[in-house]
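# An overview of the molecular structure
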Amino acid sequence: MHDLTRCVHHPAVNEEGYASLAVPTHRASTIVYKDAASFAARKYRGFDGYTYGLHGTPTTRTLEAQLTALHGGVRTVLVPSGQAAVTIVMLSVLLPGDKVLIPDHVYPPVRSFCEEYLKPRGIDYGVYDPLIGAGIAALIDDATRLVWVESPGSGTMEVQDVPAIVKAAKARGVLVGCDNTWATPLIFKPLAHGADFACEALTKYVGGHSDLLLGSVTVSDMALREKMKETLRAFGVGVSPDECQLALRGIETMGLRLAHIGEVSEDFARRLTHSPAVETVLHPALPSCPGHAVWKRDMGRSAGVFSVVLKPVTDAELEAALSALKIFAIGASWGGTRSLIAPMAIKGDRTVNPWTPEGTVLRISIGLEDRDDLWNDLDALLVALERRPAARVA
Ligand SMILES: *Cc1c(COP(=O)(O)O)cnc(C)c1O
């Protein structure tokens, strides 16, 4: 063997006795076969075999298997983002002439996908009141193929009655997909309640460090898994083993992170109800939150994201108060170690239940900072808003 050949042939080393707790990062495009016959027969390896890096390596399979176990499903499909987890379900099961029902509080890019991508291609969508429960039956027509749920909902936090929606959908042979990003499989397991698809933005609590983008869909029916894998293959979509490796690291501490931030978020939500600057606190653990009884029945624990509806202030007052924050960062995409605040524009995203409060909705995501540092920061924000000149005049 000459040097140039040596440069591209890695020597085999002894791996005997090597046992690490870390999951190795297997990167690959090419998969090599032991002979020409195996190569010719590669398609018979199926979606659980290894044929091409795009379709999976042992690293991606490890994360898939871990999520499958947590959700109590049969297989998990990984995609490059949480948004892709939602769209891949829709693209896999909806055909022209079909219809999907989405809740009014759905993650806004999902509504845009329905309006701007599905609709022009002959796939209709309807929007329903997230608190509809069994009443969804009245909206299911012969074209309806999928009911989408997201619980609690983006921004306004309504908790949905997933079992009631599933029951009504099953009675009509309609599939149910659930965006479970807030709860994670540690707080809610949609498949155990009869949903067909459990979607997670792994970007959030599984990743846990604001440095990766990844999504997953777990199913309990192999046929649905095949459909999604076929769609991904057609689009040429796969995920990076490096992202999966980060998710595999993040998932190890997710339980402890969630237990802590869930407790802090409940504590802060209760304290915030006493602030004169606050109109309402939208947190599933508070009885005033729409769907609280369902949360108590089906979840009983909290994650770190909730919303506060402020009493009306001017944009300048809000901007000044937010810019003075020292510990909370301003930004979207929560679930990391840093606490975030993001002002949300809800009004334009509601078509079924018009959003009437005049004050800004602040979405708060609790991170891992010291509780007193966080509270002092939040308190200073609220005090600044209470002391606005208009309030003094009144
Ligand atoms: C963030 C989020 C998504 C999208 O996740 P990305 O990985 O950012 O695409 C989808 N659904 C919900 C509920 C989310 O919070």
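The model shown is predicted, which means the values in this text are computed figures rather than measured ones. (Residues numbered from 1 in each chain as written. Predicted model: local features only at pLDDT ≥ 70, side-chain atom pairs only at ≥ 80, totals over all residues. Heavy atoms only, no water.)

### Comments concerning the site of the ligand
Looking at the ligand, there are 13 residues lining it, with Gly-82, Gln-83, Asp-179, Thr-203 and Lys-204 nearest. Within the contact set of the ligand, an oxygen atom lies 2.9 Å away from a backbone nitrogen or oxygen of Gln-83. Between Asp-179 and the ligand, the recorded distance is 2.6 Å, taken from a side-chain N or O atom to a nitrogen atom. Protein contact buries 90% of the 380 Å² of open area that the ligand shows by itself. Residues belonging to the shell around the ligand are distributed by class as follows: 4 nonpolar, 6 polar and 3 charged. (Near = heavy atom within 4 Å. Polar contact = N/O pair within 3.5 Å; in protein donor to acceptor, adjacent residues only side chain to side chain. Areas by Shrake-Rupley, 256 points an atom, 1.4 Å probe, with all protein chains shown as cover. Nonpolar A, V, L, I, M, F, W, Y, C, P; charged D, E, K, R; others polar.)

### Points about the packing of aromatic side chains
Scanning the model with the defined rule gives 4 aromatic pairs in all. Seen from their ring centres, Tyr-205 and Trp-334 are 5.3 Å apart, and the 50 degrees between their planes marks the pair as tilted. Here Trp-334 lies in the loop between β10 (329-330) and β11 (340-344) and Tyr-205 lies in the loop between β6 (197-201) and β7 (215-219), a separation of 129 residues in the sequence. Exposure remark for Tyr-205: the relative accessible area of 2% places this residue in the buried category. Judged by its relative accessible area of 10%, Trp-334 is buried. Centroid distance Phe-268 to Trp-375: 5.1 Å. Interplanar angle 65 degrees. Geometry classified as edge-to-face. Residue Phe-268 is found in helix α9 (residues 241-272), and its partner Trp-375 is found in helix α12 (residues 371-386); the two are separated by 107 residues along the sequence. Using a relative accessible area of 0% as the deciding quantity, one classes Phe-268 as buried. (Phe/Tyr/Trp six-rings, centres within 6.5 Å; stacked < 30°, edge-to-face > 60°. Helix = DSSP H or I, 4+ residues; strand = E, 2+ residues; numbered from the N terminus. Buried < 20%, exposed > 50% of the residue type's maximum accessible area, 1.4 Å probe, protein only.)

### Here we look at the pattern of salt bridges
Counted according to the given criterion, the structure contains 20 salt bridges. We note a salt bridge from Arg-6 to Asp-3, for which the minimum N-O separation is 3.1 Å. Here Asp-3 and Arg-6 lie together in helix α1 (residues 3-8), a separation of 3 residues that amounts to about one turn. Of the residues examined, Asp-3 reaches a relative accessible area of 55% and is grouped as exposed. Three or more residues joined by partner-sharing salt bridges are found here, namely Asp-48, Arg-75, Arg-225 and Glu-226. (Salt bridge = Lys/Arg side-chain N within 4 Å of Asp/Glu carboxyl O.)

### Here we look at the sheet that holds β7
The sheet built from 7 strands is open, its strands ordered β1-β7-β6-β5-β4-β2-β3 with mixed pairing. For this open sheet the edge positions go to β1 (75-79) and β3 (124-128), each flanked by a neighbour on one side alone. Recorded for the sheet is a direction-independent mean angle of 20 degrees between the axes of neighbouring strands. Two strands pair when backbone bridges link them, and strand β4 (residues 144-150) and strand β5 (residues 175-179) are joined in this way by 5 bridges, in the parallel orientation. What sits directly across from Leu-146, in β5, is Leu-175. (Pairing = 2+ DSSP bridges. Axes fitted to C-alpha atoms, helices over the stretch in contact; angles between N-to-C directions.)

### Here's the deal with the domain arrangement of the chain
Per the domain assignment, the segments of the chain are domain 1 (36-251) and domain 2 (254-393). Spacing between the C-alpha centres of domain 1 and domain 2 amounts to 28 Å. In this assembly, 38 residues from domain 1 lie in contact with 36 residues from domain 2. Note on domain 1 versus domain 2: buried area summed over both sides is about 3,200 Å², and carbon and sulfur give 63% of it. It is Trp-182, Ile-187 and Tyr-205 that lose the most area in domain 1 upon contact with domain 2, and together they represent 23% of the buried surface on that side. (Domains from an automatic or database assignment. Contact = heavy atoms within 4.5 Å. Buried area = accessible area lost by both parts, 1.4 Å probe.)

### Some thoughts on the sheet that holds strand β12 (residues 361-365)
The 5 strands are arranged β8-β9-β12-β11-β10 in an open sheet whose pairing can be described as mixed. What marks the edges here is a single partner per strand, and that holds for β8 (278-282) and β10. Relative to β12, strand β9 (residues 305-310) runs antiparallel, the two sharing 5 bridges. Paired with Ser-307 across the strands is Arg-363, a residue of β12.

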